[in-house]
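Each chain is listed here by its residues.
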Amino acid sequence: MDTAVLSTGTATNSADPKAAPIAPSATDPLWWRSAVIYQIYIRSFADGNGDGTGDLAGVRSRLSYLRDLGVDAIWFTPWYKSPLADGGYDVEDYFGIDPSFGDLEQAEALIREALALGIRTIIDIVPNHISDQHPWFKAALASPPGSPERERFWFRPGRGTNGDEMPNHWVSNFQGDTWTRTTNPDGTPGEWYLHLFTPEQPDLNWNHPDVRTLHEDVLRFWFDRGVAGVRIDSAALLIKDPELPEVPEDAKPGEHPNVDRDEVHDVYRAWRAIADSYPGSRVLVGEVWMPDTERFAKYLREDEMHTAFNFDFMARPWDADQLRESIDSMLAAHAPVGAPSTWVLSNHDVTRPVTRYGREDTSFAFSTKRFHTPTDLALGMRRARAAALLSAALPGSLYVYQGDELGLPEAESIPLESLQDPMHFRSEGVDPGRDGCRVPLPWSGAEPPYGFTPEGASSAPWLPQPADWANLTVEAEAGNSGSMLSLYRTALSIRRSHPALGDGELTWLDGDGFGPESGVLAFARGLGFVSVTNLSGAPVELPSYTRLLLASTPLEDGLLPSDSSAWLRTQH
Ligand code: NOJ
């Protein structure tokens, strides 16, 4: 992969929004096919002003860390003004930054400063729902049934004699009900409104032209400010069957009343046309949870999104057959549409890999998350290191969720009274929720706040950090050649300079002790690079090589130990 040469183009600023848009890349239109994209959960990355919440000032002060890590782009989870009922996925103003994170001028400065270091910025777009504090929803609540203000949402009368039964029985992505009843101005019970997530996140009606126009304006607003792409939240959910029928037991593809309806593709075609009207490649990245890989790939047709998260690979257990099947099926699904796959080990919604891979069940599913699951963290760490090299060697782009490069485990002893995630509360406490993977990063020092907040900060981090993370700080790991951070830095540097890595093809090296039946995943990239991951229970021989580039665990007598990966140079 070639290192992109970046052009900062002509900068716009908030005082002059009509100036020429910033061009993130004038020279490498295909940057996104190979990029390493680092996910910043802004509340937890770095706190610049000492209020205990991560912010733009904190990110700006740590940009050199990201440059040294070797990432090509950063993706910010929502930074918009928001009551934070769902960590910012409840947007009150798509054109403004939440005051706890900073302001628009700081965001523009950050985009420019990152770009000057060779790092593009991707932001989150949240089109399926909006905050209940958004002026549109407030106006809808203040207006009578049947009013134009309510048309932008899904308001319906209830069923049953008093209208006290929900309009249908759709199941929420966050458990619990998908409908909330409103109260009329005279205090009597009113209509119900739909929310596939929390009641603070009313679903928008994508049949309404205002909804489409708003989001197209949002895209232009941020592309004008130099963002290189958008990550599209809940991308398959936007369109609903206007009749709002019950979900049939055997809904055929495209006929589910609220998931993956065919009309959703028109939305992304329109967005792609907007993205393509800008200089440089502005990319659309979909959050598309879709077991049907053919339906998944439809989102990646040439005139739709550029890439989408490959959650299939992320959710698979640490098992050679399973991972091999996932890699093959995802590469095969992407091939006909010419899109590169993405490789994702985690994000702000799922259990950290170090914890996940240290359990008896190493797969990921929201439905099986529970408190007090026995975990072998040393084993999990070893496997997470091997998984890091495996995923970084596969063809396509790579996502790294903040803190995974430090090998942070899931924080599982957050006091119950400190938990914040609605997923936890809506499960009535059964699901631990997602706070455990959102704990503020440890930067330095031996105890909380580990440099997350500046010296003399007025507040503690918004979620408590574990007391035993002293060895997991950036400072501690930077000085330790055996740390996860050192592994990531070396891997990303090799990946950046190696012409065979990133986008392209792979060739499996099956037979001779390699292949899923042997528990060993070995593949070549180009002519001179081989990646080997040993998921068997015993050390294995490596294929012949000229140089060991990197190993997640030191070789033992020339053999690759179990739960380890190695990168090999195979030609001079
Ligand atoms: C997916 C996001 O990743 C998650 O954090 C959020 O809660 C839901 N979409 C709803 O916006």
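Everything in this summary refers to the structure shown in the same document.

Turning our eyes to something else, we now look at the overall build of the protein chain. The secondary structure content of the protein chain amounts to 15 helices and 18 strands. Rg of the C-alpha trace for the protein chain: 24 Å, near the compact-globule value of 25 Å for 572 residues, within the 12% margin. Judged by the C-alpha coordinates and their principal axes, the protein chain covers about 80 × 55 × 45 Å. A total of 572 residues make up the protein chain; the buried ones form 59% of that total. In the protein chain, once contacts between residues fewer than 6 apart in sequence are set aside, the share between residues at least 24 apart is 68%. When the accessible surface of the protein chain is summed, it comes to about 21,500 Å², and 50% of that surface belongs to carbon and sulfur atoms. For the protein chain, the distance from the average site of its 47 positive side-chain charges to the average site of its 82 negative ones is 4 Å.

Attention shifts here to the nonpolar core. Formed by 143 residues in total, the largest nonpolar core has its most connected members in Y38, W79 and W567. Considering each element in turn, this core owes the most residues, eight residues, to helix 12 (residues 377–393).

A few words now on unusual backbone geometry. That bond from P448 to P449 is cis: its omega, 10°, falls within 30 degrees of zero. A positive phi angle, close to 55°, is found at D260, a residue other than glycine. Within the secondary structure, D260 is located in the loop between strand 9 (229–232) and helix 7 (264–276). A positive phi angle, close to 60°, is found at E428, a residue other than glycine. Looking at where E428 falls in the secondary structure, it is placed in the loop between helix 13 (422–426) and helix 14 (474–478). Judged by its relative accessible area of 74%, E428 falls in the exposed class.

Next up on the list: the environment of S391. Turning to its location among the elements, S391 is positioned in helix 12. On a C-alpha basis, the gap between S391 and E325 in space is 14 Å, while along the polypeptide they are 66 residues apart. Apart from the residues within four sequence positions on either side, S391 is in contact with F313, W343, L345 and L398. Within polar-contact distance, the side chain of S391 engages the backbone oxygen of A388 at 3.2 Å.

Each value, and the rule that gives it
Residues numbered from 1 in each chain as written. Predicted model: local features only at pLDDT ≥ 70, side-chain atom pairs only at ≥ 80, totals over all residues. Heavy atoms only, no water. Helix = DSSP H or I, 4+ residues; strand = E, 2+ residues; numbered from the N terminus. Rg over C-alpha atoms; globule rule 2.2 N^0.38 Å. Buried < 20%, exposed > 50% of the residue type's maximum accessible area, 1.4 Å probe, protein only. Contact = heavy atoms within 4.5 Å. Areas by Shrake-Rupley, 256 points an atom, 1.4 Å probe, with all protein chains shown as cover. Lys, Arg positive; Asp, Glu negative; His and termini not counted. Charge placed at Lys NZ, Arg CZ, Asp CG, Glu CD. Core = buried A, V, L, I, M, F, W, Y, C linked by side-chain atoms within 4.5 Å. Polar contact = N/O pair within 3.5 Å; in protein donor to acceptor, adjacent residues only side chain to side chain.

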